[in-house]
Amino acid sequence: MLNDQVTFRRVAAGSLLIVAPLLQAVAAFVDPGTWGDDREMISFGDNPALAQLQSVLYHWSWMLMAVAVLGLVHLTRRGLTGLGNVVGALTMIGYLSLSGLLLTDPVEWWLGQNHTPREAQRIIDEMLGLPGVVFGFQLPWMFLGMFGLPVLTAVVWRTGFVGWWAPVVVAAGYLGSFAVPYGPLTAVCWTAPVAGLGWIGLRILRMGDGDWAAYYPAVRQPVSRSPESTPR
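Described in the following lines is the structure provided in the data block. Predicted model, so just to flag it, every value in this text is computed and none were measured.

What counts, and where the lines are drawn
- Residues numbered from 1 in each chain as written.
- Predicted model: local features only at pLDDT ≥ 70, side-chain atom pairs only at ≥ 80, totals over all residues.
- Heavy atoms only, no water.
- Helix = DSSP H or I, 4+ residues; strand = E, 2+ residues; numbered from the N terminus.
- Rg over C-alpha atoms; globule rule 2.2 N^0.38 Å.
- Contact = heavy atoms within 4.5 Å.
- Areas by Shrake-Rupley, 256 points an atom, 1.4 Å probe, with all protein chains shown as cover.
- Core = buried A, V, L, I, M, F, W, Y, C linked by side-chain atoms within 4.5 Å.
- Buried < 20%, exposed > 50% of the residue type's maximum accessible area, 1.4 Å probe, protein only.
- Expected span 1.5 Å × (residues − 1).
- Arc of directions from axis to C-beta.
- Polar contact = N/O pair within 3.5 Å; in protein donor to acceptor, adjacent residues only side chain to side chain.
- Salt bridge = Lys/Arg side-chain N within 4 Å of Asp/Glu carboxyl O.
- Patch = residues over 30% accessible without salt bridge, like charges linked within 9 Å, V, L, I, M, F, W, Y side chains within 5 Å.
- Phe/Tyr/Trp six-rings, centres within 6.5 Å; stacked < 30°, edge-to-face > 60°.
- Lys NZ or Arg CZ within 6 Å of the ring centre and 35° of its normal.

1. Structural notes on the overall build of the chain
What the chain contains, in helices and strands, is 12 helices and 0 strands. For the chain, the N- to C-terminal ordering of α and β elements is α-α-α-α-α-α-α-α-α-α-α-α. For the chain, the C-alpha radius of gyration of 22 Å lies well beyond 17 Å, the compact-globule estimate for 232 residues. Taken along its principal axes, the extent of the C-alpha atoms in the chain is 90 × 40 × 30 Å. In the chain, the proportion of contacts linking residues at least 24 apart, taken out of those at least 6 apart, comes to 75%. Summed over all atoms, the accessible surface of the chain reaches about 12,400 Å², with 67% contributed by carbon and sulfur.

Pasting the structure below:
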């Protein structure tokens, strides 16, 4: 499979669309901050093992989702290609930016163990409020992923590959999570996209190499001319 570009890319795209959102949902459920104190320097200190596990799960979920986006963009080759390319690129940037922000997790854990909650919160707020952090890592990049993915899924729906319910479920899950404070409802919201994106991934795995390769543009063979037909 590694030597077959069609099979490898199809299986990778389909598998990652199932695995990546699932890892994010699991991370939300195991995160001590989901069920405990909303100040992570405290909740992380209450259960350091789960704190590290949720960071790893989020990291790989968002890294793998950035790669899975390429599979969704591939499905837009037959229609709305320009829109698919732009939204896909912005979505990838968003998820990679989200993954980079996870390096603050061990910092919050350390601060919680070595300072009072009030002092730890003051330090982390000053760190994250630096202009380089805000505009280099957070705004607007960190929002591009979870806002862009529902739009990209809607583009895939408009191409006819999947039913209307898939982008609705993805949008309801990711956009709905912004309307509630981070907690148990976030875990519920981030479970919904597992169904929508997972269904697209399953369809990709079932479609076969021929159908996947049919999305590639036909290669135009150059017109060869014999020496006798060349004008002089």
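Back to the text.
2. Remarks on the nonpolar core
Among the nonpolar cores identified, the biggest contains 39 residues, and Tyr95, Phe161 and Tyr174 are the most heavily contacted of them. Only helix 1 (5–30), helix 4 (48–74), helix 5 (81–101), helix 9 (141–158), helix 10 (165–176), helix 11 (184–189) and helix 12 (192–213) provide two or more residues apiece to this core. In terms of residue count, the dominant contributor to this core is helix 4 (9 residues). Residues within four places of Tyr95 in sequence aside, it is in contact with Trp62, Met65, Ala66, Gly145, Met146, Leu149 and Tyr174. The next biggest cluster of nonpolar side chains, apart from the first, holds 6 residues, and it includes Met41, Leu111, Ala120 and Ile124.

3. Brief notes about helix 7 (residues 117–128)
In this model, helix 7 (12 residues) spans 16 Å end to end at C-alpha, consistent with the 16 Å of a helix rising 1.5 Å per residue. Inspection of helix 7 places Ala120, Ile123 and Ile124 among the buried residues, and these make up the whole buried set. Viewed end-on, helix 7 has its buried residues packed into an arc of 95°, placing them on one side of the element. Where helix 7 is buried, its residues meet helix 3 (40–46) and helix 6 (104–114).

4. Looking at the side chain of Asp31
Looking at where Asp31 falls in the secondary structure, it is placed in the loop between helix 1 and helix 2 (32–35). One polar contact links the side chain of Asp31 to the main-chain amide nitrogen of Gly33, over a distance of 2.9 Å.

5. So, the pattern of salt bridges
By the definition in use, this model includes 3 salt bridges. Among the ionic pairs, Asp209 bridges to Arg10, the shortest N-O distance being 2.7 Å. In this pair, Asp209 is assigned in helix 12 and Arg10 in helix 1, connecting sequence segments 199 residues apart. On the accessibility criterion, Arg10 (9% relative accessible area) is buried.

6. Overview of unusual backbone geometry
Each neighbour pair has its own omega, and for Leu139 with Pro140 the value is -5°, a cis peptide bond. By the element assignment, Pro140 lies in the loop between helix 8 (131–138) and helix 9. A positive phi is found at Leu80, a non-glycine position, where the angle reads about 55°. Topologically, Leu80 is positioned in the loop between helix 4 and helix 5. When its relative accessible area of 42% is taken as the criterion, Leu80 is described as partly exposed.

7. Side note on a nonpolar patch on the surface
Where nonpolar side chains cluster on the molecular surface, the patch consists of Phe135, Leu139, Phe143, Phe147, Leu175 and Phe178 and spans about 550 Å² of accessible area. By the element assignment, Leu175 lies in helix 10. Exposure remark for Leu175: the relative accessible area of 34% places this residue in the partly exposed category.

8. Re the side chain of Asp105
Tracing the chain through its elements places Asp105 in helix 6. Engagement of the side chain of Asp105 in a polar contact is seen with the side chain of Gln54, the distance being 3.1 Å. Here Asp105 is in contact with Glu40, Phe44, Gln54 and Ser55, once residues within four sequence places are set aside.

9. A word on the packing of aromatic side chains
A full pass over the atoms with the stated rule returns 7 aromatic pairs. Their ring planes at 20° and their centres at 5.0 Å tell us that Tyr58 and Trp62 sit as a pair that is stacked. Of the two residues, Tyr58 and Trp62 both sit in helix 4, 4 residues apart, roughly one turn of that helix. Pair check on accessibility: Tyr58 and Trp62 agree, each one buried. Seen in terms of ring centroids, Phe143 and Phe178 are 5.9 Å apart; in terms of plane orientation they differ by 50°. Their pairing is tilted. Highlighted residues: Phe143 in helix 9 and Phe178 in the loop between helix 10 and helix 11, separated in sequence by 35 residues. What makes Phe143 partly exposed here is its relative accessible area of 30%. Using a relative accessible area of 38% as the deciding quantity, one classes Phe178 as partly exposed. Above the plane of the ring of Tyr215 lies Arg78, whose end atom (NZ or CZ) is 4.1 Å from the centre. The ring of Phe161 carries the charged tip of Arg203 above its face, separated from the ring centre by 4.6 Å.

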